[in-house]
Amino acid sequence: MITVELKPDFRTPVGQFSPEVPPTISKRSMTSTLVIKEGETIVLGGLVQESESDVSTKVPILGDIPLLGKIFSSSNTSKRKAELMIYITPHISYGEAFKTASLPEVD
């Protein structure tokens, strides 16, 4: 049996990059301790990231006309949801003998 302590920490930049301002960082992390048999696969999930973006477009000049400008412009909102899944298969190392051993192939 193997006791595995996992602490994944994922950081991604958010928004537009600017040389004058440091980027905003989005962080997702978790902690888990598991007792498993050697060679079993661990699946970690639940690191969900949701984002929403608004995009507006308009025809130059015509989109700026009061009241009529709405005819020549459009606005879209998109939502995105992503979940990070982590698969880990731990193996016990037996020193020098382990370096020459081959690991099972993954399909």
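Up top you'll find the structure we're talking about.
1. Section: the pairing of strand S1 (residues 2–6)
The side-chain alternation of S1 yields one buried face, formed by Ile2, Val4 and Leu6, and one unburied face, formed by Thr3 and Glu5. Pairing geometry for S1 and strand S4 (residues 32–36), over 5 bridges, is antiparallel. From the neighbouring strand, Val4 faces S4, where its bridge partner is Leu34.

2. A few points about a nonpolar patch on the surface
The grouping of Val59, Leu62, Ile65, Leu68, Ile71 and Phe72 at the surface amounts to a nonpolar patch, some 490 Å² of accessible area in total. Position of Val59 relative to the elements: it lies in the loop between strand S5 (42–58) and strand S6 (73–88).

3. Some details on the nonpolar core
Nonpolar side chains in soluble globular proteins tend to end up buried together. Counting residues in hydrophobic clusters, the biggest one holds 8 residues: Ile2, Val4, Leu6, Ile36, Ile42, Leu44, Leu47 and Ile86. Among the secondary structure elements, those contributing two or more residues to this core are S1 and S5. Beyond its immediate sequence surroundings of up to four residues, Ile2 is in contact with Leu34, Val35, Ile36, Glu38, Pro90 and Ile92.

Parameters at a glance
- Residues numbered from 1 in each chain as written.
- Predicted model: local features only at pLDDT ≥ 70, side-chain atom pairs only at ≥ 80, totals over all residues.
- Heavy atoms only, no water.
- Buried < 20%, exposed > 50% of the residue type's maximum accessible area, 1.4 Å probe, protein only.
- Helix = DSSP H or I, 4+ residues; strand = E, 2+ residues; numbered from the N terminus.
- Pairing = 2+ DSSP bridges.
- Patch = residues over 30% accessible without salt bridge, like charges linked within 9 Å, V, L, I, M, F, W, Y side chains within 5 Å.
- Areas by Shrake-Rupley, 256 points an atom, 1.4 Å probe, with all protein chains shown as cover.
- Salt bridge = Lys/Arg side-chain N within 4 Å of Asp/Glu carboxyl O.
- Core = buried A, V, L, I, M, F, W, Y, C linked by side-chain atoms within 4.5 Å.
- Contact = heavy atoms within 4.5 Å.

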